[in-house]
Amino acid sequence: MAFWKPGTVAPGISVDREAEKETSENLVTFVDHGSNLSIQQQRKILPIFKSRDQILYLVEQYQTTIIVGQTGCGKSTQLPQYLHEAGWTANGRIVACTQPRRVAAITVADRVASEMNVKLGKEVGYSIRFEECYDPNLTSIKYMTDGMLFRETFLDPLLTQYSVIMIDEAHERSLYTDLLLGILKKIQKKRPELRLIISSATLDAEAFYEFFNTNTANDSSKDNVSIISLEGRMFPVDVHYLEEPCQDYVETAIQTAFDIHVKEPPGDILIFLTGRDEIDHAVGEIFQRATTLPRSAMKINPLPIYAGLPSEQQLEIFEQTPQNTRKVVVATNIAEASITIEGIVYVIDCGFVKLRAYNPKTGMESLTVVPISKSSAQQRAGRAGRIMPGKAYRLYTEDSFYRLRDASIPEIQRNNLAQVVLQLKALGIDNVLRFDFMTPPPAELMIRALELLYSLKALDDYGRLTMPLGMQLAEFPVDPMLGKILLDSYKFQCAEEMLTIAAMISVQNVFVTPSNPSTEFEDEKRKFAVEEGDHITSLNVFKAFITRGKKSARWCHQRYLNFRALSRALSIREQLKKYLERFDVPIESCGNDTVKIRKCLVSGYFAHAAKMQSDGSFRSVRDNVELHVHPSSVLFTRNAPWVIFHEVVSTTKSYMRELTVIDPAWLTELAPHFYEIRKTSLPAH
DNA sequence: GAGCACTGC
C-alpha cells in the first residue's frame with residue numbers, strides 16, 4: 001500500500017501483522033517510526049491511558065464496571081495490565097479476561113506477554129480448548145475463551161482464584177458470555193470482593209448496568225455498578241445509503257464495487273454478502289466484468305472468503321495487493337468480527353445475514369437470510385476505518401436502517417438448550433426456568449430441552465440430574481445425544497468407532513466442494529462412501545486420514561478433503577477419549593460390525609428417526625414432518641426405508657444431515673420408553 | 001431430487 005496518513009498506523013510496518021490478520025481483537029498496532037519509544041512509553045500514548053486512574057478507582061469502588069469502548073482503544077491489552085500493576089494479582093490471585101474466540105485469546109495474551117517482557121505461559125498465559133498455556137503457580141493475567149471459564153465453574157463454583165474477571169466483547173452476547181453473566185452475578189452475592197468488568201463496544205451498556213445493579217434503594221448513589229466510556233482509535237467512516245431499495249443486492253454490490261473502482265482513490269473494498277452461492281457468483285461476475293475496464297485503468301482482483309474455504313484459499317485475502325491493483329474481498333459474516341483484513345477503505349454492506357435458529361416446536365433448525373441489526377451494520381461499516389478515513393455503502397435506505405433492531409437476538413434465545421440445561425443442573429441450579437439470565441430464553445426452548453434430556457435418561461422423574469449418566473453428559477464437551485452414544489458404546493463394544501464418529505460430526509466441511517463440482521470430485525468422494533450412510537462413511541474418511549494419509553495436508557488436498565477439519569477432528573477425538581477413560585468406559589473396537597455401530601447410534605438418536613415415503617421424501621417418526629435427504633449425504637442417491645439423522649436444517653426444504661440406515665425394530669428394542677413419553681405427561685421440573 | 005452463516009467446550 002502506497003498511501004497512509006503519516007503519524008498513524010501504517011499498514012506495512014506493524015510488528016504484529018501476522019497476529020492482526022487472524023483476529024478481530026482490538027489489538028493496538030505499534031508502529032516503529034524510527035524513534036525509539038520504549039514499550040512502556042508506547043503504552044502511555046494509548047487513548048485508554050488517560051482513563052487509567054479513573055478505571056482503577058471505579059473497579060475499587062464498584063463491584064461491577066461497564067466499559068464502553070470502540071475497537072482499537074486498547075482495553076483488552078491494557079486493562080488487565082493496569083489491574084496487575086495496581087495490586088489485584090497480589091497473593092497469587094489472578095485477573096482473567098475472556099474472549100468469545102480462541103485466536104483472540106492467544107493473540108492478546110501474546111501481545112501482553114511481550115509488552116510485559118515475559119515469556120508467554122508464565123506471568124501471562126491463556127487457556128483455550130486443547131491448549132492450556134499458563135503456569136498455575138505463576139500466571140497472574142489469564143486470557144481465556146468464555147467457554148473455558150464457564151467450564152472452570154464445574155471445578156470451582158465460586159472461581160475463588162480470580163480477583164477480577166473481565167468479560168470482553170460482551171455485546172456479542174455469545175452463548176457462554178450470557179451463561180457467565182448469570183453465573184457471575186450469582187457468585188458476586190457470595191463473593192462481594194470479586195470485581196467484574198463488562199466490556200462492550202456498543203450502546204447496550206444500560207442493559208448490563210440494570211442487570212448487575214442490585215441496589216434496590218431509591219438512591220442511585222448506592223448503586224454497585226458504574227459505567228465509563230473510552231474514546232476509540234478509529235478513523236471516521238462516511239456512510240452512504242441507497243435512495244430507493246434495490247431489487248437484487250448481489251448485482252447492486254457488484255455495480256457499487258465498480259463505481260468505487262472507477263471514481264474513488266485507491267483502497268481495498270470489502271463486500272458483505274450472506275453465503276457461498278452469492279459470493280462465488282459475485283467473484284465470478286467481477287472477474288468477468290473486469291476485462292471490460294480500459295487497459296490503462298487500475299486492475300481489480302476479487303477474492304472470496306468464508307469459513308468453509310480451505311486454508312490455502314483463505315490466506316490469499318491477506319496477501320499484499322500488487323501495485324496498481326485494487327483488492328475486492330467478498331465475504332460472509334466471517335469478516336464482521338472473526339477476521340480482520342488490512343487495507344480495507346470501502347465497505348459494501350448488503351444488510352442481510354444468514355442466521356441459524358432453533359424451533360422448539362419442531363426441534364428443527366432453520367438457516368435463513370434475515371436483516372442485520374444496527375450494531376451489526378455499525379460493526380461492518382467500521383471495517384472501513386481501520387487505516388484511514390473510509391466509506392461505507394449500505395445497500396438499503398436510511399429509513400430501513402432505522403427500522404433495524406438495535407442488536408441481534410442473543411444466541412441463548414435461539415439455540416437448542418439441551419447442553420446448557422444439563423450444565424446448569426450440574427452446577428446445582430435445579431430450577432433452570434428461574435435462572436437469572438440477562439435475557440431469559442423462551443420457556444418453550446427450556447421445556448423442549450428438558451423433554452429431550454428426560455428421554456435420554458439424563459434427568460429423572462423429578463427433573464434431577466441422574467447419576468452417573470446425567471452428570472457425565474453434562475461434563476462431556478459434546479451435545480447430549482452425541483454424549484449418549486459415547487457412553488452407551490460399551491454395550492456394543494464400539495467405543496473406538498463412536499469416538500471417531502462423534503469427533504467427525506463435531507467438525508464441519510470435511511469435504512471441500514469445488515464451486516463447479518466435477519465428476520472427479522464425486523468420484524473421490526465415492527471412494528469413502530458406504531451404503532450404511534454418512535456416519536460410517538466419515539469413519540472411513542478418518543481411518544484413511546490416519547493410516548494411508550499419514551495425517552498429511554497433501555493427501556487431503558488430492559482427495560478434496562479439508563485438512564484443517566480432519567486435524568481438528570483428531571484433537572477432538574483425543575479429548576473425548578480422555579473423558580471416556582475417566583468415566584471407565586472400555587475403549588474397544590467392534591471391527592467392521594456395522595450393525596453394532598448403527599445400533600449404538602440408535603441408542604442416542606432414536607428421537608431422530610425417519611421413514612421413507614413412496615415419493616422418495618421422508619417423514620419423521622416423532623412428529624410426522626416432511627423431511628428430505630441433504631444432497632451432501634451419501635444416501636442422496638440411494639434408497640433407504642428407515643434412517644436416523646444427526647440434525648435437520650431447513651433452508652429451501654427441511655434437510656436431514658448425517659444419515660444412517662437402520663432397522664426399525666431397533667427403535668423399539670433400544671428406546672421403548674421414548675414412545676411412552678408421548679402418552680404420559682411430562683415430569684415435573 | 002441438488003445445497004451447507006459463524007462461534008465455542
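Reading guide: rules and limits
- Residues numbered from 1 in each chain as written.
- Chains lettered and ligands numbered in written order.
- Predicted model: local features only at pLDDT ≥ 70, side-chain atom pairs only at ≥ 80, totals over all residues.
- Heavy atoms only, no water.
- Domains from an automatic or database assignment.
- Contact = heavy atoms within 4.5 Å.
- Buried area = accessible area lost by both parts, 1.4 Å probe.
- Polar contact = N/O pair within 3.5 Å; in protein donor to acceptor, adjacent residues only side chain to side chain.
- Nonpolar A, V, L, I, M, F, W, Y, C, P; charged D, E, K, R; others polar.
- Near = heavy atom within 4 Å.
- Axes fitted to C-alpha atoms, helices over the stretch in contact; angles between N-to-C directions.
- Helix = DSSP H or I, 4+ residues; strand = E, 2+ residues; numbered from the N terminus.
- Parallel < 35°, antiparallel > 145°, perpendicular 65-115°, else oblique.
- Left-handed = near helix turned anticlockwise from the far one by under 90°.
- Phe/Tyr/Trp six-rings, centres within 6.5 Å; stacked < 30°, edge-to-face > 60°.
- Buried < 20%, exposed > 50% of the residue type's maximum accessible area, 1.4 Å probe, protein only.
- Lys NZ or Arg CZ within 6 Å of the ring centre and 35° of its normal.
- Pairing = 2+ DSSP bridges.
- pLDDT = per-residue confidence, 0-100.
- Salt bridge = Lys/Arg side-chain N within 4 Å of Asp/Glu carboxyl O.
- Arc of directions from axis to C-beta.

Looking now at the domain arrangement of chain A. If you check the domain split of chain A, you get domain 1 (15-229), domain 2 (237-411), domain 3 (416-463) and domain 4 (476-671). A C-alpha centroid distance of 39 Å is found between domain 1 and domain 4. The interface is formed by four residues belonging to domain 1 together with seven residues belonging to domain 4. With both sides pooled, the region where domain 1 packs onto domain 4 buries about 490 Å², and carbon together with sulfur makes up 43% of that total. For the domain 1 face of the interface with domain 4, the top three residues by lost area are Arg129, Phe130 and Arg151, together amounting to 95%. Where domain 1 meets domain 4, there are two residue pairs in polar contact (both at pLDDT 80 or more). For the side of domain 1 that touches domain 4, a count of residues per class yields one nonpolar, no polar and three charged.

The local shell around DNA strand B holds 31 residues, among which Arg102, Ala307, Lys354, Phe636 and Thr651 are the closest. For DNA strand B, the fraction of protein-proximal atoms (within 4 Å) that sit in sugar or phosphate groups is 57%. Contacts to DNA strand B include Arg129, whose backbone N or O atom sits 3.0 Å from a phosphate oxygen. In the model, a base nitrogen of DNA strand B is placed 2.6 Å from a nitrogen or oxygen of the Phe636 main chain.

Packing of helix H21 (residues 534-546) against helix H24 (residues 594-605) leaves a shortest axis separation of 10 Å and a crossing angle of 120 degrees. By the angle between their directions, the pair H21 and H24 is classed as oblique. Both H21 and H24 take part in a crossing whose hand is right-handed. Note on element contacts: H24 touches H21 through Thr594, Ile597, Arg598 and Leu601, opposite His535, Ile536 and Leu539. Residues belonging to the contact of H21 with H24 are distributed by class as follows: four nonpolar, two polar and one charged.

The subject of this paragraph is the packing of aromatic side chains. Enumeration over the complete set of coordinates arrives at 15 aromatic pairs. Consider the rings of Phe150 and Phe154, whose centres lie 5.7 Å apart with planes at 70 degrees: the pair is edge-to-face. Taken as a pair, Phe150 and Phe154 lie in helix H6 (residues 146-155) at a separation of four residues, close to a single helical turn. Look at Phe150 and you get buried, because its relative accessible area is 1%. Joined through ring pairs, the aromatic side chains of Tyr241, Tyr396, Phe401 and Tyr402 make up one cluster. For Lys142, the ring lying beneath its charged end belongs to Tyr134, and the centroid distance is 4.0 Å. Positioned above the aromatic ring of Phe211, the side-chain terminus of Lys185 is 4.3 Å from the ring centre.

One open sheet holds the six strands; their spatial order is E9-E16-E13-E10-E12-E11, and the pairing between them is parallel. Both edges of this open sheet fall to strand E9 (237-242) and strand E11 (299-305), since each of them pairs with a single strand only. Pairs of neighbouring strands in the sheet enclose a mean axial angle of 20 degrees, with direction left out of account. Summarising the sheet, E11 and strand E12 (residues 325-331) pair through seven bridges and their orientation is parallel. Looking at E12, one finds that Leu303 is bridged to Val329.

Glancing now at the confidence of the model for chain A. Per-residue confidence for chain A gives a mean pLDDT of 89; residues scoring 70 or more make up 93%. Within chain A, the element-level pLDDT minimum falls on helix H1 (residues 17-22), averaging 32, and the maximum on strand E6 (residues 162-167), averaging 98. Long-range and interchain partners of residues 1-34, a stretch whose pLDDT sits below 50, account for 84 contacts in this model, where long-range means more than four residues apart. Taken as a whole, residues 677-685 scores under 50 in pLDDT and shows 16 contacts with residues more than four places along the chain or in a different chain.

Now for the pattern of salt bridges. Two side chains that carry opposite charge are able to pair once their charged atoms sit near each other. Per the stated rule, a full pass over the model turns up 33 salt bridges. Between Asp436 and Lys185 there is a salt bridge; the shortest N-O distance is 2.8 Å. On the criterion of sequence distance, the pair formed by Asp436 in the loop between helix H15 (418-426) and helix H16 (443-455) and Lys185 in helix H7 (residues 175-190) is long-range, its members being 251 residues apart. Taking relative accessible area as the criterion, Asp436 reaches 35% and is therefore assigned partly exposed. Through salt bridges with shared partners, a single network forms among Arg43, Arg52, Asp53, Glu85 and Glu115.

With that settled, consider the packing of helix H19 (residues 495-505) against H21. It is the contact of H19 with H21, at a shortest axis distance of 9 Å, that shows an interaxial angle of 95 degrees. It follows from the interaxial angle that H19 and H21 lie roughly perpendicular. Residues Glu497, Thr500, Ile501, Met504 and Ile505 of H19 pack against His535, Ser538, Leu539, Val541 and Phe542 of H21. Taken together, the residues of the contact of H19 with H21 break down into six nonpolar, three polar and one charged.

Right, let's get into helix H3 (residues 52-61). Residues of H3 that are buried: Arg52, Ile55, Leu56, Leu58 and Val59. End-on, the buried residues of H3 take up no more than an arc of 160 degrees, which puts them together on one face. Facing away from the buried side of H3, by more than 90 degrees, are the exposed residues Asp53 and Glu60. Against the buried residues of H3 lie strand E1 (64-69), helix H4 (75-85), strand E7 (195-200) and strand E8 (225-230).

Moving on to the pairing of strand E21 (residues 654-661). The buried fraction of E21 amounts to six of the eight residues, a majority that puts the element mostly inside the structure. In this sheet, E21 lies alongside strand E19 (residues 626-629) in parallel orientation, the contact comprising two bridges. Residue pairing in the sheet places Val629 in a bridge with Met656 of E21. In this structure, strand E20 (residues 642-650) lies alongside E21, joined through seven bridges in antiparallel fashion. Bridge pairing links Val643 to Val661 in E21. As consecutive antiparallel partners, E20 and E21 are separated by three residues.

On to the side chain of Thr594, then. Structurally, Thr594 is set in helix H24. A residue is classified by how much of its surface remains accessible, and Thr594, at 17% relative accessible area, is buried. A polar contact of 3.1 Å, which involves the side chain of Thr594, links it to the side chain of Glu532. Setting aside chain neighbours within four positions, we find Thr594 in contact with Glu532 and Ile536.

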